[in-house]
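Given next are the chains, with one letter for each unit.
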Amino acid sequence: MINLIGTYECKADAKGRVMFPSAFKKQVAPILQEGFVLKKSVFEQCLELYPMKEWNATMAEINKLNKFKKKNNDFIRRFTAGVKLVELDATGRILIPKNLSEFAGIKKQVVMSSSVNIIEIWDKEKYENAIENAAENFSDLAEEVMGNTGGDELS
């Protein structure tokens, strides 16, 4: 499993190409040639960039679902809708396809932010709004999500 670190501001050109941050390039260097999968986020108006190794691990989990259950098929269809294979070009850019760029509302200013093993790609204004909105209740959220994960049995 990859643990990515960092948040970087980038610019999209008129064709939707974005320079891939060099810090991320260094972090994924051993698997860079395998490429990436770009998809719509399930929960936010942003995109998710999966290194191929992480995408394959996610697909292995999804492949365990019983496909004779309609809700499982509906989930798989929705999860993989609009998925694109992407690679870095010779100058280190990725091309964000127009339909995915429109979904995420990406204009010119872009934020690439690590989310454990994937990279979220946001329109800068939408990213800042999402961070600001999440900050209001972050201490409550942190306690709810992480408060019972340690060996602290007294809570």
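Structural notes, computed from the coordinates. Not measured: the values here are computed from a predicted model. (Residues numbered from 1 in each chain as written. Predicted model: local features only at pLDDT ≥ 70, side-chain atom pairs only at ≥ 80, totals over all residues. Heavy atoms only, no water.)

### Focus: the pairing of strand β3 (residues 36-40)
- Of all 5 residues that make up β3, 4 are buried, and the element is covered over most of its length.
- Here β3 folds back onto strand β4 (residues 47-51), and the loop between the two strands holds 6 residues.
- Of the pairings in the sheet, the one linking β3 to strand β5 (residues 84-86) comprises 3 bridges and is antiparallel in character. Each bridged residue has a counterpart across the sheet, and for F36 the counterpart in β5 is V86. (Buried < 20%, exposed > 50% of the residue type's maximum accessible area, 1.4 Å probe, protein only. Helix = DSSP H or I, 4+ residues; strand = E, 2+ residues; numbered from the N terminus. Pairing = 2+ DSSP bridges.)

### Re the pattern of salt bridges
- Applying the stated criterion across every chain, the model contains 10 salt bridges.
- The partner of R77 in a salt bridge is D74, with the nearest N and O atoms 3.1 Å apart. In this pair, R77 and D74 both sit in helix α3 (residues 70-80), 3 residues apart, roughly one turn of the helix.
- What makes R77 exposed here is its relative accessible area of 53%.
- When its relative accessible area of 29% is taken as the criterion, D74 is described as partly exposed.
- Notably, a salt bridge pairs K124 with E128, separated by 3.8 Å at the nearest N-O pair. Of this pair, K124 and E128 both sit in helix α5 (residues 124-135), 4 residues apart, which is roughly one turn of that helix.
- Among the ionic contacts, a cluster of salt bridges with common partners joins D13, R17, D89 and R93. (Salt bridge = Lys/Arg side-chain N within 4 Å of Asp/Glu carboxyl O.)

Honestly, it's all geometry; don't read function into it.
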